[in-house]
Amino acid sequence: MKQLGEILLEEGLVSEAQLLAALDETMTSGASLGRTLVEIGILSEGQLVQALAAQVGMQYVDLDEFPIDRMAVSIVPGALCRKYTVLPIALEGGSLVLATADPGNVMAVDDVRSVSGRQIVSVIATHDNLLRAIDRYVRADDEMENLSSAFEEVEVDTDQDLSKLSEIGDDDAPIVRFVNLLVTQAITDRASDIHIEPSEHDLRVRYRIDGVLHETQRAPKQITGGVISRVKIMSDIDIAEKRKPQDGRMSVTHNGRKIDLRVATLPTVWGEKIVMRILDNSTASLDLRDLSFLDHNYETYKESYTKPYGMILVTGPTGSGKSTTLYATLNAVSKPDINVITVEDPVEYRLAGINQVQVNPKAGLTFAAALRSILRSDPDVVLLGEIRDHETAQIAIEAALTGHLVLSTLHTNDAPSAVTRLTEMGIEPFLVGSALDCVVAQRLARRLCPKCKVPYRPTPQEMEAARFPWVPGEPIPEIFRPGGCATCSNTGYKGRLALHEVMRVTEDIERLAVAHSSAADIATTALRQGMTSLRDDGWYKVAIGDTSIEEILRVVA
């Protein structure tokens, strides 16, 4: 059998000098040659696995590109695939082609052979590649359908019966398994929300993925009461109360990560609808540089949040990523020698080293009351979940003027409108101009899937219809549109990026605020002083291939 080094040289993956340097490194570290080459950046994980496959005479498969046969996948139970990190990908004659990252795992091959009743042909794939493919193809949908069918045979009539069934906590109980599968599949699919919606004839389940709702399941109406009761008990919500909306919270463990879900119930004519917001704490630990800021926007924003006092507002509609931007800002400013206090409704993400206060209107702890109290707790930085009324806005403005850095959100369509919105709330214009330092308006657009995005040159008519900043007569730039592949579930998009409009409150804008100028006048001045509008920020991200014209037109008015 050839040595790994020989194969790498023959394939042209490394030079002799690189190989010798890596061999010296292995002598020092004791790591394998392949692992050393990956760690020092000479080889990718895929190239290493490909070379190792050639060394043992096996075929290497890139599962992101390979046309996986769903019929083959269905032959082996999903639990077995996840247990051994293997995936059946094709049928060849009477044999089953099995992708594995560990060809030496004889037990995995034996178990798959026993379950499938077929001869096994093993091929090699990278571990990460396998995990992604398993998440895509070994879905819970079929099992949920089987459970739905099972419920048709069981009549559960009373809420008391449902609660007893749910309290058992038996993971094999049909209701429990169905709800667990709903949540697990939603997290796997990168959903931000799960909608469980009763209707006249059935129960509909939809996931919001990358900002767009997708129907994933329709189940028999018979299971509606059981599913809703199970979710309410997991979320510590009163199952006997069906006439008014309720809120709760639950935690689940998925692939070793703890994930919180915020649960809201809403009475409808066909029963209670439930929406579960998936709160992945990794979102709260993001760096500001991960949030798609253009360089000049980032520098402008950084100038503001590194000041010791002043007010910064992040504006946009619900679901535009305002909280994520504020949490990332807190991560940037939070230090052991700074006292950071937040007032939120609700507290979505728990942050280490930060004092977080949950609003409780029933107990009299409103935004204004909480803000007034925490200003007596010696804060340096205050994050206010939302400015909703005159009293809250007045106290926040005063806090910014008395030496505190205040971060908050406001519902406006663009950055200049934030100035006029505060004055409409009854804040004196000269106070707005003095306290407000920066406004960031943002939207979320879907990011093109890097695997399948298609380059093209639009026609002049398309450019003009979209109001793309292009001068007639000049060459039309090459941009991208969505394709569709297994990686992105044939949507053409995977993940999201933020579009930003960052406005510094300069002396000119301050004078306009004092003069009660309109948002349009403030916008004109801000653009003249270098602000990039939301739409222009979007066009730049279209030009660099991150998103499409259709997405910008969808999210920016």
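Since the structure is predicted, the reported quantities are computational estimates derived from the model, not experimental observations. (Residues numbered from 1 in each chain as written. Predicted model: local features only at pLDDT ≥ 70, side-chain atom pairs only at ≥ 80, totals over all residues. Heavy atoms only, no water.)

1. Some points on the pattern of salt bridges
So, point 1. Summed over all chains, the structure comprises 24 salt bridges.
So, point 2. Residues Asp202 and Arg218 are paired through a salt bridge, measuring 3.0 Å at the closest nitrogen-oxygen approach. On the criterion of sequence distance, the pair formed by Asp202 in strand E5 (residues 202–209) and Arg218 in strand E6 (residues 212–220) is long-range, its members being 16 residues apart.
So, point 3. For Arg218, a relative accessible area of 43% gives the class partly exposed.
So, point 4. Note that Arg511 is salt-bridged to Asp508, the shortest N-O span being 2.4 Å. (Salt bridge = Lys/Arg side-chain N within 4 Å of Asp/Glu carboxyl O. Helix = DSSP H or I, 4+ residues; strand = E, 2+ residues; numbered from the N terminus. Buried < 20%, exposed > 50% of the residue type's maximum accessible area, 1.4 Å probe, protein only.)

2. Comments concerning the environment of Gly495
So, point 1. Among the secondary structure elements, Gly495 is positioned in strand E18 (residues 493–504).
So, point 2. Residue classification places Gly495 among the buried positions, given a relative accessible area of 18%.
So, point 3. Once the C-alpha coordinates of Gly495 and Arg190 are considered, the two residues, 305 residues apart in sequence, prove to be 8.4 Å apart.
So, point 4. Not counting residues within four places of it along the chain, the set of residues in contact with Gly495 comprises Arg190, Asp210, Ala445, Arg446 and Arg447. (Contact = heavy atoms within 4.5 Å.)

3. Let's talk about the side chain of Asn297
So, point 1. By secondary structure assignment, the location of Asn297 is in helix H13 (residues 295–305).
So, point 2. For Asn297, the side chain forms a polar contact with the side chain of Asp537, separated by 3.3 Å.
So, point 3. Apart from the residues lying within four places of it in its own chain, the contact partners of Asn297 are His500, Val502, Thr532 and Asp537. (Polar contact = N/O pair within 3.5 Å; in protein donor to acceptor, adjacent residues only side chain to side chain.)

4. Let's talk about the pairing of E6
So, point 1. Here E5 runs beside E6; their pairing, made up of eight bridges, is antiparallel. In the strand pairing of E6, Arg206 is matched with Glu215. (Pairing = 2+ DSSP bridges.)

5. Points about the sheet that holds strand E9 (residues 271–279)
So, point 1. Strand order in this open sheet of six strands is E6-E5-E4-E9-E8-E7, and the pairing throughout is antiparallel. Edge positions in the sheet fall to E6 and strand E7 (246–254), since each has one partner strand and no second. Shown here is a sheet whose adjacent strand axes are inclined to one another by a mean of 20°, direction ignored.
So, point 2. Contacts between helix H12 (residues 224–234) and the sheet are confined to strand E4 (191–198), E5, E6, E7, strand E8 (257–268) and E9, with E9 contributing the most and set at about 45° to the helix. (Axes fitted to C-alpha atoms, helices over the stretch in contact; angles between N-to-C directions.)

6. Section: helix H8 (residues 127–137)
So, point 1. What H8 keeps buried is the set Asn129, Leu130, Ala133, Ile134, Arg136 and Tyr137. Buried residues along H8 cover an arc of 160° about the axis, so they all sit on one side.
So, point 2. Looking at the buried side of H8, the elements it contacts are helix H5 (70–75), helix H6 (78–84), strand E1 (86–92) and strand E2 (95–100). (Arc of directions from axis to C-beta.)

7. Looking at the packing of helix H20 (residues 507–514) against helix H21 (residues 519–528)
In a packed pair of helices, the relevant descriptors are the angle between the two axes and the axis-to-axis distance.
So, point 1. Interaxial distance between H20 and H21 falls to 10 Å at its minimum, and their mutual angle equals 170°. By the angle class used here, H20 and H21 are roughly antiparallel. Within the contact between the two elements, H20 uses Asp508, Ile509 and Leu512 and H21 uses Asp521, Ile522, Thr525 and Ala526.
So, point 2. Considered class by class, the residues forming the contact of H20 with H21 number four nonpolar, one polar and two charged. (Parallel < 35°, antiparallel > 145°, perpendicular 65-115°, else oblique. Nonpolar A, V, L, I, M, F, W, Y, C, P; charged D, E, K, R; others polar.)

8. Let's talk about the packing of aromatic side chains
So, point 1. Under the criterion given, the structure shown has four aromatic pairs.
So, point 2. Measuring from centroid to centroid gives 5.3 Å for Tyr301 and Tyr305, while their planes differ by 65°, and the two rings are edge-to-face. Here Tyr305 and Tyr301 lie together in helix H13, a separation of four residues that amounts to about one turn. This pair shows no difference in class: Tyr301 is buried, exactly as Tyr305 is. (Phe/Tyr/Trp six-rings, centres within 6.5 Å; stacked < 30°, edge-to-face > 60°.)

9. Concerning the sheet that holds E1
So, point 1. Read across the sheet, three strands follow the order E1-E2-E3 without closing on themselves; strand pairing throughout is mixed. Both edges of this open sheet fall to E1 and strand E3 (119–124), since each of them pairs with a single strand only. Each adjacent strand pair in this sheet contributes to an overall mean axis angle of 30°, direction not counted.
So, point 2. Relative to E2, E1 runs antiparallel, the two being bridged by six bridges. Counted as the bridge partner of Glu92 is Ser95 from E2.
So, point 3. Each of E1, E2 and E3 touches helix H7 (residues 106–116); the most contacted strand, E3, lies at about 140° to it.
So, point 4. Of the strands in this sheet, E1 and E2 are in contact with H8, which crosses E1 at around 75°.

10. Some details on the UniProt feature "domain: Bacterial type II secretion system protein E" (unreviewed entry) in the protein
So, point 1. Those residues carrying the UniProt feature "domain: Bacterial type II secretion system protein E" (unreviewed entry) are residues 375–389 in this numbering.
So, point 2. Here residues 375–389 is 0% helix and 27% strand, with 18 Å between the C-alpha atoms at its ends. (UniProt positions renumbered as here; feature names shortened; annotations may be inferred.)

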